[in-house]
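# Structure assessment
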Amino acid sequence: MTERARHWRYDELPGVDLLRARYVRKTFVRHTHENFVIAAIADGVEVFHHGGGDQFAGAGALALVNPDTPHTGRAGVPEGWRYGAVYPSVDVVAEIAAETTALRGTPGFVSPVVDDPYAVGLVHQVLRAADEGNALAADTLLRVAVTRLLRLNGGPMTRREVRTAGTRIAARARGVLEERMAQPPTLEQLAAGLGTSPFALLRAFRDAYGMPPHAWLTDARVRRARRLLDLGTAPSEVAVAVGFTDQPHLNRHFSRMVGVPPGAYQRERKNVQDPR
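About the cut-offs
- Residues numbered from 1 in each chain as written.
- Predicted model: local features only at pLDDT ≥ 70, side-chain atom pairs only at ≥ 80, totals over all residues.
- Heavy atoms only, no water.
- Phe/Tyr/Trp six-rings, centres within 6.5 Å; stacked < 30°, edge-to-face > 60°.
- Buried < 20%, exposed > 50% of the residue type's maximum accessible area, 1.4 Å probe, protein only.
- Core = buried A, V, L, I, M, F, W, Y, C linked by side-chain atoms within 4.5 Å.
- Helix = DSSP H or I, 4+ residues; strand = E, 2+ residues; numbered from the N terminus.
- Axes fitted to C-alpha atoms, helices over the stretch in contact; angles between N-to-C directions.
- Parallel < 35°, antiparallel > 145°, perpendicular 65-115°, else oblique.
- Left-handed = near helix turned anticlockwise from the far one by under 90°.
- Contact = heavy atoms within 4.5 Å.
- Nonpolar A, V, L, I, M, F, W, Y, C, P; charged D, E, K, R; others polar.

## A short note on the packing of aromatic side chains
Across all of its chains, the model carries eight aromatic pairs by this definition. Measuring from centroid to centroid gives 5.4 Å for Y23 and F28, while their planes differ by 75°, and the two rings are edge-to-face. Accessibility classification places Y23 together with F28 in one group, the buried group. Taking 5.6 Å as the distance between ring centres and 80° as the angle between the ring planes, the aromatic pair formed by F36 and F109 counts as edge-to-face.

Written out as structure tokens, the structure is:
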């Protein structure tokens with residue numbers, strides 16, 4: 001029943017993050033990923049809020065989340081859940097789709113849960129091959145797994161287009177928050193600067209991005225923190241750079257979105273570049 005997790009990269013699989021974890025009490029707050037999420041459940045049950053409702057993924061199933069899609073995560077049974085996950089980038093998935101499927105446009109997953117024990121096994125084999133330093137097997141198995149899931153559950157990924165006044169305002173608000181991440185304005189200040197009211201901005205932002213501005217900002221801070229940690233910046237410096245009050249503040253939010261503390265995350269990622 002002990003919780004454990006490892007979030008790492010294998011340098012022979014560029015553009016792909018890897019995770020192996022067992023969680024019991026862990027709760028992931030609403031967040032997004034820049035990459036695809038392909039999580040293969042080995043045992044237990046994961047529940048995650050996605051697309052307006054709770055989704056349940058048990059042993060032999062995969063939880064599939066497209067990039068920039070808000071979702072949560074928690075245990076669906078007292079014993080928690082154990083899983084392995086790969087996070088391929090949009091470019092990696094698009095390359096595989098173009099070579100092996102008839103999908104056109106930007107590919108994505110249609111259903112957030114797919115029962116497919118064979119694909120679950122493939123994902124765990126990718127992680128095992130990466131652990132063993134077997135580049136040929138890891139690359140091959142990843143491509144086979146992604147191809148299979150796209151053929152079973154793939155489709156063109158729809159993109160929200162800025163067409164209404166509300167979505168245009170939301171996009172402008174997002175730009176302001178990105179520029180002023182370390183010292184963001186209040187909701188009232190942000191709305192006033194855009195010529196609208198706080199509640200109108202709140203409603204437009206939630207409709208456009210699936211979460212209110214403050215939650216989106218925390219998510220964006222963690223994303224930027226990951227990039228800085230990958231560059232070797234110390235966690236204490238990262239916390240200040242992205243707008244958290246201190247390193248414990250960063251640790252709390254980072255763990256609730258990434259699944260591991262920033263220090264452990266950075267150590268595993270750094271080891272990819274170090275000579276063995």
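## Overview of the nonpolar core
Soluble globular proteins tend to bury their nonpolar side chains together. Within the largest apolar cluster, 33 residues are counted, with the highest numbers of intra-cluster contacts made by L18, I38, L62 and V86. Secondary-structure elements contributing two or more residues to this core are β2 (16–23), β4 (37–50), β6 (61–65), α1 (90–100), α2 (117–132) and α3 (135–153). In terms of nonpolar packing, the next biggest core, distinct from the first, is built from 18 residues, V37, A63, W81 and Y83 among them.

## What to know about the packing of helix α7 (residues 213–230) against helix α8 (residues 235–242)
When two helices pack together, their arrangement is given by the angle between the helix axes and the distance between those axes. Following both chains from N to C, one finds α7 and α8 inclined at 140°, their axes separated by 10 Å at the closest point. For the element pair α7 / α8, the angle class is oblique. In this structure, α7 meets α8 at a crossing whose hand is right-handed. Between α7 and α8, the contacting residues are R221, R224, A225, L228 and L229 on the first element and P235, V238, A241 and V242 on the second. A breakdown of the residues in the contact of α7 with α8 according to their chemical character gives seven nonpolar, no polar and two charged.

Keep in mind these values describe shape, not function.
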